[in-house]
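What follows is the residue order along each chain.
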Amino acid sequence: LLFQLMGMLFPGLDPAPIVGELRDRLLEELDYRNEATNQQLFVDAYRGHPYIHVPDVLHELSTGRVLTTEFAEGSRFADVVDWSDDERQLTAECLFRFAFGGIYGLHAFNGDPHPGNYIFHHGGRITFLDFGLCKRFTPDEVKVFEEMIRAIVLDGDIAGFRRIVERVGILDPGLEVDDDELAEYFTHFYEFVMTDEVQEITPEYSSEAARRFLDLTGPRAESMKAA
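Procedures and definitions
- Residues numbered from 1 in each chain as written.
- Predicted model: local features only at pLDDT ≥ 70, side-chain atom pairs only at ≥ 80, totals over all residues.
- Heavy atoms only, no water.
- Phe/Tyr/Trp six-rings, centres within 6.5 Å; stacked < 30°, edge-to-face > 60°.
- Helix = DSSP H or I, 4+ residues; strand = E, 2+ residues; numbered from the N terminus.
- Buried < 20%, exposed > 50% of the residue type's maximum accessible area, 1.4 Å probe, protein only.
- Salt bridge = Lys/Arg side-chain N within 4 Å of Asp/Glu carboxyl O.
- Contact = heavy atoms within 4.5 Å.
- Pairing = 2+ DSSP bridges.

Asks: Where do I start with the packing of aromatic side chains in this structure?
Replies: The final tally for this structure, using the stated rule, is 14 aromatic pairs. Judged by centre distance (5.4 Å) and plane angle (75°), the ring pair of Y118 and F128 falls under edge-to-face. Taken together, the positions of Y118 in strand β3 (residues 118-121) and F128 in strand β4 (residues 125-128) put the pair 10 residues apart, joining distant regions of the chain. Accessibility assignment for this pair places Y118 and F128 in one class, buried. With centroids separated by 6.0 Å and ring planes inclined at 85°, the aromatic side chains of F161 and Y190 adopt a geometry described as edge-to-face. On the criterion of sequence distance, the pair formed by F161 in helix α7 (residues 158-167) and Y190 in the loop between α8 (179-186) and α9 (203-214) is long-range, its members being 29 residues apart. Judged by its relative accessible area of 1%, F161 falls in the buried class. A network of ring pairs unites the aromatic residues F42, Y46, F77, F98, Y118, F120, F128 and F131 as a single cluster.

Structure follows, in structure tokens:
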């Protein structure tokens, strides 16, 4: 029912695959054997890493209803916000590298990224928890992400970017929005990697990003509804 209502607001939204994806992920998250397998993937990939730590899984003490792992101690998110700027910058870099390193390196994304699933340590080291919700990507899916970045960031080719997102179903080929408007909408999500300079992700930037997903009264409503 919820996605049917969203479909009325966002004509470009097909609820069926989203509902199917949520159903599959929720069922997976209830199976701790599956979570143990997910976590082991990240444990093996990051074992010995200088600042990304994933607790070892104790398989002999785990079942479908019980997951037992190495114990981890550290600081919570509420503590980190009061750390020095240098420490917070290192922490942010670690979060970024873990998220995108998983997608492009492991073809897997820990799909429950919220502050309660991180334990922080000084020097930018983070312990990552909770791998019950883990999205796996095929090489072809990751290749599409790379094509999109190459077109819009490296080549500045919005027409080429449009052909890619139309091909994979992100955008309806029949949408009557010109390339300039699409560029104005989509480049916001890439702008921090479009120039080689230091920039700050401010509360204002985050607010604007949220509006580009949710605000149907703004100037980009047609692009937003269709994407």
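Picking up after the structure, the text goes on.
Asks: Whenever I open this one, the pattern of salt bridges confuses me. Can you help?
Replies: Counted by the stated rule, this structure contains 8 salt bridges. Two residues, R47 and D44, come together in a salt bridge whose shortest N-O distance is 3.6 Å. Residue D56 is joined to R47 by a salt bridge in which the shortest nitrogen-to-oxygen separation is 3.1 Å. Several salt bridges converge on common partners, so that one network encompasses D44, R47 and D56.

Asks: Just checking my understanding: could you explain the environment of Y118 for this structure?
Replies: Its relative accessible area of 11% is what places Y118 among the buried residues. C-alpha of Y118 to C-alpha of D130: the two residues are 12 residues apart in sequence and 8.9 Å apart in space. Apart from residues lying up to four places away in sequence, Y118 is in contact with S75, R76, L95, P113, I126, T127 and F128.

Asks: I'm lost on the pairing of β4 in this one. Help?
Replies: On a regular strand, one side chain projects to one face of the sheet and the next to the other, so that they alternate. Taken together, the 2 bridges between strand β1 (residues 52-53) and β4 define a ladder with parallel strand orientation. If you follow I52 over to β4, its bridge partner there is I126. As paired elements, β3 and β4 share 4 bridges and run antiparallel to each other. The residue bridging Y118 from the neighbouring strand is F128, located in β4. Counting the residues in the hairpin turn of β3 and β4 gives 3 residues, including G123, whose phi is positive at 85°.

Asks: I tried to follow the sheet that holds β3 on my own but got confused; where do I start?
Replies: Backbone-to-backbone hydrogen bonds join strands into a sheet, with any given pair of strands oriented parallel or antiparallel. In spatial order, the strands read β1-β4-β3; together these 3 strands make up an open sheet with mixed pairing. Two strands in the sheet have a free side with no partner beyond their single neighbour: β1 and β3.

Note that all results are geometric; they support no functional claim without further evidence.
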